[in-house]
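The lines below spell out each chain.
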Amino acid sequence: MACYNCFTVAPKLQKCSRCKRIRYCNDACQKANFSEHKWFCKNLARVHSYSGGGLSETAGPLETIQLHVRMGSSLTIALLQTEEDISQNDKNLVVFEPRCAICYRSEYDMRRQRPTDDDDTGTGPSYGSLISCSTCLGAFACSPAHWAVYEQEHKAKMGEEGVPGLSECDLNIRAAEDDDFTVLTGAHRPPWAPERRRVTYEALPAADAASGVSAWDKWWADPVNTREVPAPGFPEVAKRACSQALSIPLTILYGIGLFDELAKGDGTLPLHERTELEVAILGAASYEFVAGGMGFEELLHSLPSVRKLTVRLVGPELQRIAAYDADGMPMDMDTCPSCAEQNITRVHIHHGDTFHDYIESVGPAARRMPDIAVAFNSGMHENDFSKKSWARTIKMLVKKSVPTIATSYQSKEAEADFAFLQELGCRIVISPHVNPWRSELAIKEPFGARGFYFQNGFIQGFKGKA
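What you are looking at is a predicted structure, and each value in this text was computed from that prediction instead of being measured. (Residues numbered from 1 in each chain as written. Predicted model: local features only at pLDDT ≥ 70, side-chain atom pairs only at ≥ 80, totals over all residues. Heavy atoms only, no water.)

*Asks:* What should I look at first to understand the overall build of the protein chain in this one?
*Replies:* When its secondary structure is counted, the protein chain shows 16 helices and 14 strands. Counting every position in the protein chain, which comprises 466 residues, the buried fraction comes to 48%. For the protein chain, the proportion of contacts with a sequence separation of at least 24, taken over those separated by at least 6, is 68%. Total accessible area computed for the protein chain in this model is approximately 22300 Å², and 52% of it derives from carbon and sulfur atoms. (Helix = DSSP H or I, 4+ residues; strand = E, 2+ residues; numbered from the N terminus. Buried < 20%, exposed > 50% of the residue type's maximum accessible area, 1.4 Å probe, protein only. Contact = heavy atoms within 4.5 Å. Areas by Shrake-Rupley, 256 points an atom, 1.4 Å probe, with all protein chains shown as cover.)

Put into structure tokens, the structure is as follows:
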């Protein structure tokens, strides 16, 4: 557990007496956080007292919270996004509320249910608080019985959904270090890329599974990439923080390398040899808009043949985060001194719409398909609405044989995306696999689910029709 004000981690902290959801080091920390927490605290306390019936068609946010609580599912992030008064910390409190790893109950759920039996689940009145792992303080169980079931899995080395050689316990500790670094630096995704332009094209390094050396390890070991770094000594935690943004250009470069290898001998000019290159970012949102801003410079630095890079960010989410008085207008971006001296340019173009709607909105003469398209963490398979929208975009790309890569947070999402792409008749040329250039920041699964996920965790690619 961590103090809600100063983030100090300790096994025992005092609870807020009103909402009973958050903890503080002492009275001073609680007082310092009062102005930020009071709105959420008041409404949580109201929710705790709720025992009403169903939800009316005109229900407001509080009634929606109450219904979810009555159904035993606690609060939902969907509701929190409708409330402007709720801080990001309060949203995180709901999404990452500690829960038993076996039955997924929170302490609030345990207090609500108040079982009176003393069966082997250990959920009788004596168990009013979650038990936490004494090593990482980031894994929980509602009883000794459930902890006994979960402990072995928690301490075992994880598979491809984690980090090779680390257990969930180890990764919890590392994730806490990453969070501490975020608090200290005040930046979740340091917008940094090395300020150097390669003279000749070099393929990205490959991981060495036998020795356990990752692609990222090799990239950071190259002194060319760390000539100018944003932190003295550049500790591992800083590298992981930078990987969140760098994952965008390096994943694109990885895709370019794979497609160029597959296209050898077909008579087309390799992507890495083009003098002008257009990259379309499909379904672009805040991650691509913020983290990729400086990161796209790395494409110019790693592709020495490219003299003009056009990054076309397309996605309805951009309407909330970008200025749309210049929707569709090219914006000349600042480049490093070396690129500027050589008149090498980078242009960004934003479209607050889907890719297929953007293409259909311009006349045939003005239509230009990108050299490569990328869909980061798209969730294209998630529901019928998403599938219908993505199908129109994908069919356009397939018809024009645009090399396209798609990333996913997890293996199950990658498998679902793969099945969806097959249904649409895509020729899958890059099978789903762990992306060696995924972000190294492990993100805890929300709502008490076990495990972690990563930005751009898995990758696959298609070109043309099967």
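There is more to say, and it comes next.
*Asks:* Before we go on, may I ask you to explain the nonpolar core in this structure?
*Replies:* What tends to happen in soluble globular proteins is that the nonpolar side chains get buried as a cluster. By size, the foremost hydrophobic cluster in this structure holds 47 residues, and its most contacted members are L246, I252, V279 and I281. Contributions of two or more residues to this core are made by α8 (215-221), α9 (236-262), β5 (276-282), α10 (286-295), α11 (297-302), β6 (308-314) and β9 (372-375). Considering every element that reaches this core, the biggest residue donor is α9, with 13 residues. Not counting residues up to four positions away in its chain, the partners in contact with I252 are V279, I281, F296, L299, V374, F376 and I405. Formed by 22 residues, the second largest nonpolar core is a distinct cluster that contains L282, M380, A406 and F420. (Core = buried A, V, L, I, M, F, W, Y, C linked by side-chain atoms within 4.5 Å.)

*Asks:* Would you explain the packing of helix α7 (residues 168-185) against α9 in this entry?
*Replies:* When two helices pack together, their arrangement is given by the angle between the helix axes and by the axis-to-axis distance. For the pair α7 and α9, the least separation of the axes is 10 Å and the interaxial angle reads 80 degrees. Between α7 and α9, the angle is such that the two are roughly perpendicular. Residues R174, E177, D178 and F181 of α7 pack against V237, A238, R240 and A241 of α9. (Axes fitted to C-alpha atoms, helices over the stretch in contact; angles between N-to-C directions. Parallel < 35°, antiparallel > 145°, perpendicular 65-115°, else oblique.)

*Asks:* Mind showing me how you'd approach the UniProt feature "domain: MYND-type" (unreviewed entry) in the protein chain here?
*Replies:* Feature annotation in UniProt assigns "domain: MYND-type" (unreviewed entry) to the following positions: residues 3-41. Across residues 3-41, the secondary structure splits into 38% helix and 10% strand, with the terminal C-alpha atoms separated by 15 Å. (UniProt positions renumbered as here; feature names shortened; annotations may be inferred.)

*Asks:* What am I meant to see in helix α6 (residues 144-155) here?
*Replies:* The terminal C-alpha atoms of α6, which comprises 12 residues, lie 16 Å apart, in line with the 16 Å expected from a rise of 1.5 Å per residue. Taken together, the buried positions of α6 are H146, W147, Y150 and H154. One side of α6 holds all its buried residues, which, seen down the axis, span an arc of 90 degrees. Opposite the buried face of α6, at more than 90 degrees from it, the exposed residues are A148, V149 and Q152. (Expected span 1.5 Å × (residues − 1). Arc of directions from axis to C-beta.)

*Asks:* What should I look at first to understand the pattern of salt bridges in this one?
*Replies:* Two side chains of opposite charge can pair, provided their charged atoms sit close to one another. The final tally for this structure, using the stated rule, is 17 salt bridges. Note that D178 and R240 form a salt bridge whose closest N and O atoms lie 2.9 Å from each other. One end of the pair, D178, is in helix α7; the other, R240, is in helix α9, with 62 residues separating them in the sequence. Here D178 and R240 have matching classes, each one buried. Between R274 and D371 there is a salt bridge; the shortest N-O distance is 3.0 Å. Taken together, the positions of R274 in the loop between α9 and β5 and D371 in the loop between α14 (355-361) and β9 put the pair 97 residues apart, joining distant regions of the chain. The two residues R274 and D371 agree in class, both being buried. The network of salt bridges with common partners includes R274, E278, R312, R368 and D371. (Salt bridge = Lys/Arg side-chain N within 4 Å of Asp/Glu carboxyl O.)

*Asks:* Before we go on, may I ask you to explain the packing of aromatic side chains in this structure?
*Replies:* The geometry of two aromatic rings is summed up by the distance between their centres and the angle between their planes. Enumeration over the complete set of coordinates arrives at 7 aromatic pairs. Ring geometry for W147 against Y150: centres 5.8 Å apart, planes inclined by 75 degrees, an arrangement best described as edge-to-face. Residue W147 and its partner Y150 are both found in helix α6; the two are separated by 3 residues, about one turn of the helix. Take W147: its relative accessible area is 14%, and that puts it in the buried class. On the basis of an interplanar angle of 80 degrees and a centroid distance of 6.1 Å, the ring pair of W216 and W219 is categorised as edge-to-face. Of this pair, W216 and W219 both sit in helix α8, separated by 3 residues, roughly a single helical turn. You can call W216 buried: its relative accessible area is 2%. Among the residues examined, W219 registers a relative accessible area of 3% and is labelled buried. (Phe/Tyr/Trp six-rings, centres within 6.5 Å; stacked < 30°, edge-to-face > 60°.)

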